[in-house]
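Summary of the model geometry
These are the residues of each chain, in order.
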Amino acid sequence: MSSVEVKEERARLLRSFIVPVAFMAICWIVKGIEEIFNLDFSFLGIKPLQADGILGIFLFHFLHGSWSHLCANTLPIIVLGACLYYFYKPIATKIGLLLIFSTGLLTWCGARGGVHIGASALIYGLAYFLMLSGFIRRNRNLVIVSFLVIFLYGSLIWGIYPKYAIENHISWEGHLAGLIMGIALAIVYRKEGPQREDENDNDNENEDDDRYWDVPEPPKEELTQPRSFRH
């Protein structure tokens, strides 16, 4: 790999962090405003099946109950978000926005009473999208990413068990919404973005085979014109 290609890859890697870092920067700013001005924005979270909780469908990802809650969500969002933008750039923004809206909507429709806040639903959505998408596409690099995400975040599965989640004051409904939507989007958008690597190779091989057998026919005049023989 040439020095130019190395620089391009490095720039691409750095660009993949822009959106997830910006997302978490907003979360930190919101929490900082709460702390400085002694405010509590949790009323803007999701209140299931309540009209005044509809706004929370879009906002609850940016709200956190404590600094520890925010810190726990920061690194996973940045890591998983960067993976999404690095390996799935053509559809990354679309997947991210759909996860934000759909996980909020499912939580609003099906969660238990109370106020639901935090970016963990988005974490689950990103994690399960990345886990499944690589296997569906059968792309070697993406499968490696899937295994890496399973290794790092496979334990997230415990967060959807109601008993464990309730004991730890966790919105298991939001986690379950993220899991469902991450899997669903991996399936729905399996034909968009990076695809199986050997498909192009097979196409090229087929084209080569076709060219091999494509022998030009002799001019028709030569075939139809009678031969003359000297006696």
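What comes next concerns the included structure. (Residues numbered from 1 in each chain as written. Predicted model: local features only at pLDDT ≥ 70, side-chain atom pairs only at ≥ 80, totals over all residues. Heavy atoms only, no water.)

1. What about the overall build of the chain?
This is how it is decided: We count a stretch as a helix when DSSP gives it H or I for four or more residues in a row; a strand needs E for two or more, and each element gets its number in order from the N terminus. Categorising residues by exposure relies on relative accessible area from a 1.4 Å probe, with only protein chains included: less than 20% of the type maximum marks a residue as buried, more than 50% marks it as exposed, and the intermediate range marks it as partly exposed. Residue contacts follow a heavy-atom distance rule, with two residues in contact if any of their heavy atoms lie within 4.5 Å. Here, Shrake-Rupley sampling with a 1.4 Å probe gives the accessible areas, and only protein chains in the shown set may cover a residue.
A tally of regular secondary structure across the chain gives eleven helices and zero strands. The buried share among the 231 residues of the chain stands at 39%. Restricting to contacts in the chain with at least 6 residues of sequence separation, those with at least 24 account for 78%. With the model as given, the accessible surface of the chain reaches about 14400 Å², and the carbon-plus-sulfur share is 63%.

2. Considering the packing of helix H2 (residues 18–36) against helix H4 (residues 67–87)
Cut-off, in case you're wondering: Note on geometry: axes are lines fitted to C-alpha atoms, helical ones only across the stretch in contact, with angles between N-to-C directions running from 0 to 180 degrees. When an angle is under 35 degrees it counts as roughly parallel; over 145 it counts as roughly antiparallel; between 65 and 115 it counts as roughly perpendicular; any other value is oblique. Here a crossing is taken to be left-handed if its near helix is turned anticlockwise relative to the far helix by less than a right angle, and right-handed if that turn runs clockwise. Just so you know the grouping, Ala, Val, Leu, Ile, Met, Phe, Trp, Tyr, Cys and Pro go in nonpolar, Asp, Glu, Lys and Arg go in charged, and all remaining residues, Gly too, go in polar.
Contact geometry for H2 and H4: axes closest at 8 Å, N-to-C directions at 165 degrees. By the angle class used here, H2 and H4 are roughly antiparallel. In the crossing of H2 with H4, the sense of the turn from one axis to the other is right-handed. In contact with Val-19, Pro-20, Val-21, Phe-23, Met-24, Cys-27, Trp-28, Lys-31, Gly-32 and Glu-35 of H2, H4 contributes Trp-67, Leu-70, Cys-71, Asn-73, Thr-74, Ile-77, Ile-78, Gly-81, Ala-82 and Tyr-85. Per-class residue counts for the contact of H2 with H4 are 14 nonpolar, four polar and two charged.

3. Quick word on the environment of Arg-112
Rules: Within 3.5 Å is the distance limit for a polar contact, defined as a pair of N or O atoms, with the added protein rule that one can donate a hydrogen and the other accept it, and that residues adjacent in sequence qualify only through two side-chain atoms.
Residue position: Arg-112 is located in the loop between helix H5 (89–110) and helix H6 (120–137). Under the relative-accessibility criterion, Arg-112 is labelled partly exposed at 33%. Leaving out residues up to four positions away in the same chain, Arg-112 has contacts with Pro-48, Ile-166, Ile-170, Ser-171, Trp-172 and Glu-173. From its side chain, Arg-112 meets the backbone oxygen of Ile-170 in a polar contact 3.4 Å long.

4. Looking at H5
Keep this limit in mind: Expected helix span is given by 1.5 Å per residue-to-residue step, counting one fewer step than there are residues.
Relative to the 32 Å expected for 22 residues at 1.5 Å per residue, H5 spans 31 Å between its end C-alpha atoms, a close match to the ideal helical length. When we look at burial in H5, the residues that qualify are Ile-91, Ala-92, Ile-95, Gly-96, Leu-99, Ile-100, Ser-102, Thr-103, Gly-104, Thr-107 and Trp-108.

5. Structural notes on the packing of aromatic side chains
Rule in force here: Aromatic contacts are taken between Phe, Tyr and Trp rings whose centres are within 6.5 Å, Trp giving its six-membered ring; a plane angle under 30 degrees counts as stacked, one over 60 as edge-to-face, and the others as tilted.
Taken as a whole and assessed by the stated rule, the structure comprises eight aromatic pairs. Each ring, one from Trp-28 and one from Trp-67, has its centre 5.4 Å from the other, and the planes form 45 degrees; the classification is tilted. Of this pair, Trp-28 sits in helix H2 while Trp-67 sits in helix H4, and the two are 39 residues apart along the sequence. On the basis of relative accessibility, which here comes to 34%, the residue Trp-28 falls in the partly exposed class. Where Tyr-124 meets Tyr-128, the ring centres are 6.3 Å apart and the plane angle is 20 degrees; that geometry is what we call stacked. Here Tyr-124 and its partner Tyr-128 are both found in helix H6, four residues apart, which amounts to about one turn of the helix.

6. Things to note about unusual backbone geometry
Although it is not a glycine, Asn-38 sits at a positive phi angle of roughly 55 degrees. As for its placement among the helices and strands, Asn-38 is situated in the loop between H2 and helix H3 (56–59). The exposed category is assigned to Asn-38, whose relative accessible area is 71%. For Leu-49, which is not glycine, the phi torsion reads 60 degrees and is therefore positive. Looking at the secondary structure, you find Leu-49 in the loop between H2 and H3. For Leu-49, a relative accessible area of 60% corresponds to the exposed category.

7. Quick word on the nonpolar core
Which entries qualify depends on this criterion: Only buried residues count toward a nonpolar core, which is a set of Ala, Val, Leu, Ile, Met, Phe, Trp, Tyr and Cys residues joined through side-chain atoms within 4.5 Å.
With 38 residues, the main nonpolar core has Phe-23, Ile-77, Leu-80, Ile-95, Phe-129 and Val-149 as its most contacted residues. Residue assignment for this core shows that the elements contributing at least two residues are H2, H4, H5, H6, helix H7 (140–153) and helix H9 (172–188). With nine residues, H6 is the largest single contributor of residues to this core.

8. Description of the side chain of His-175
Residue placement: His-175 occurs in helix H9. Taking relative accessible area as the criterion, His-175 reaches 5% and is therefore assigned buried. When near neighbours in sequence (up to four residues on either side) are disregarded, His-175 contacts Ser-120, Ala-121, Tyr-124, Gly-159, Ile-160 and Ile-170.

9. Remarks on the packing of H6 against H9
The interhelical angle for the contact between H6 and H9, taken along N-to-C directions, is 30 degrees, at an axis separation of 7 Å. Here H9 runs roughly parallel to H6, going by the angle between their axes. For the pair H6 and H9, the crossing hand works out as right-handed. On H9, the residues that touch Ser-120, Ala-121, Tyr-124, Gly-125, Tyr-128, Phe-129, Leu-132, Ser-133 and Ile-136 of H6 are Gly-174, His-175, Gly-178, Leu-179, Gly-182, Ile-183, Leu-185, Ala-186 and Ile-187.

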